[in-house]
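Listed here are the chains, written in short residue letters.
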Amino acid sequence: MKLITFTKKGIYCPQGKFYIDPWRPVDMAIITHGHADHARWGMKKYLCHHFTKPILHQRIGTDIECQSVEYGETVTINGVKLSLHPAGHIIGSAQIRLEYKGYVAVISGDYKVQEDGLSTPFELVKCNEFVTESTFGLPIYNWLEVPDLNKKLQNWVLKNKENNKTSVFIGYSLGKAQRIMKAVEELGKIYVHYSIGKLNEAFETVGIELPDYTIADFRERPKEVEHEIVIVPPALLDSNIIKKIPDPATAICSGWMQVRGARRWRSADAGFAMSDHADWKGLLQTVKATEAELVHVTHGQTEVFSKYLNEIGIKADVVETLFGDDEEESEKETPENTGS
């Protein structure tokens, strides 16, 4: 049975007549999460998790037709039973479970098996057919436990305070920035770029508590952030904004920082391997546990990961998509459009 097909518009369910995270305008789009490479403008109707709805309103517009559901709630569309299950990637991220005549397919979107204290923890869903990402599908990518990583961030901030430096973290406005805030919340006053502040509002509207923060005015009052904690999106790393911050020490928070030399590739003082994607072990653990008879590997280390799966007896193929291969691609922010 073909419950999902891969088309020029995106992942399509022919029986249900809907798409999952389509990259071209369609009548019905099921959205896994709010990052810009998975949730795009132009769909007639959207369906997503309750927590994702305010993010879509923030990023796409309040005039969209958007239905939201709870995790585990079943919606039947043209005979296909559809439900959303936690993906652990960011707030509201979901795996899409489809069932038709006893056959089950799961489109996982982006996912993370580590619990980060903000996202609803990942839920394993057994299926016949599984679509997995492979952003970090190489053995070198092996994340620290979250408490250990947070401790590294905290120690860096404390060291900067001793050296009269301002700690400037570079991280996604959606997902990464909020994790950084939670990690360092007791170490000083937190200032964020306004794009992060706007998305923080989406967290707050669904009842998720974040540490106290202030939206920084980098143009008029850059001095107020001196020797405190600042969080900005990746596009601002080499911008004039950073140069205006007094005594800045900059740190990139990205899974790519796992690779030696990656920090030197970008002009930063430190790098922390913080990712909202599964690492190599997490990907393998998940694929095996689904017990899927067929696995489709999308965006990332697709060739390597699919080859390995086939070598260990799991039938897998590579599917080309327009989802971001790079953690820093989905924001699509530039200094010009972030209000800096």
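Shown above is the structure to which this text applies.
In what follows, the accompanying structure is described. Note that the structure is predicted; figures quoted are calculated from it, not measured. (Residues numbered from 1 in each chain as written. Predicted model: local features only at pLDDT ≥ 70, side-chain atom pairs only at ≥ 80, totals over all residues. Heavy atoms only, no water.)

Here we look at the pattern of salt bridges
As a reminder, the rule being used: Every case where a carboxyl oxygen of Asp or Glu lies within 4 Å of a side-chain nitrogen of Lys or Arg is listed as a salt bridge. A run of H or I in DSSP counts as a helix once it spans at least four residues, and a run of E counts as a strand once it spans at least two, with each numbered from the N terminus. The rule is simple: take the accessible area with a 1.4 Å probe, protein chains only, and divide by the maximum for that residue type; under 20% is buried, over 50% is exposed, in between is partly exposed.
For the structure shown, the criterion picks out 11 salt bridges. Residue R179 is joined to D276 by a salt bridge in which the shortest nitrogen-to-oxygen separation is 2.8 Å. In this pair, R179 is assigned in helix α3 (residues 176-183) and D276 in the loop between β17 (270-272) and α7 (280-290), connecting sequence segments 97 residues apart. Like D276, R179 is buried. E224 is the salt-bridge partner of R221, the closest N and O atoms lying 3.2 Å from each other. For R221, a relative accessible area of 44% gives the class partly exposed.

Notes on helix α8 (residues 302-311)
Note the cut-off: Arc definition: directions from the helix axis to the C-beta atoms. Any two residues whose heavy atoms approach within 4.5 Å are treated as being in contact.
Listing the buried residues of α8 in full gives T302, F305, S306 and L309. The buried residues of α8 occupy an angular sector of 95 degrees when projected down its axis, which confines them to one face. α8 presents E303, K307 and E311 as exposed residues on the side facing more than 90 degrees away from its buried surface. In this fold, the buried residues of α8 make contact with β11 (129-134), α7, β18 (294-300) and β19 (316-318). Residue G313 follows α8 closely and has a positive phi angle near 90 degrees.

Describing the pairing of strand β8 (residues 80-86)
Selection criterion: Two strands form a pair only when DSSP identifies at least two bridges running between them.
With 6 of its 7 residues buried, β8 lies for the most part within the structure. Here strand β7 (residues 74-77) folds back onto β8 in antiparallel fashion, the turn holding 2 residues, of which N78 has a positive phi close to 50 degrees. Inspection of the sheet shows β8 paired to strand β9 (residues 94-100) by 6 bridges, in the antiparallel sense. If you follow L84 over to β9, its bridge partner there is I96.

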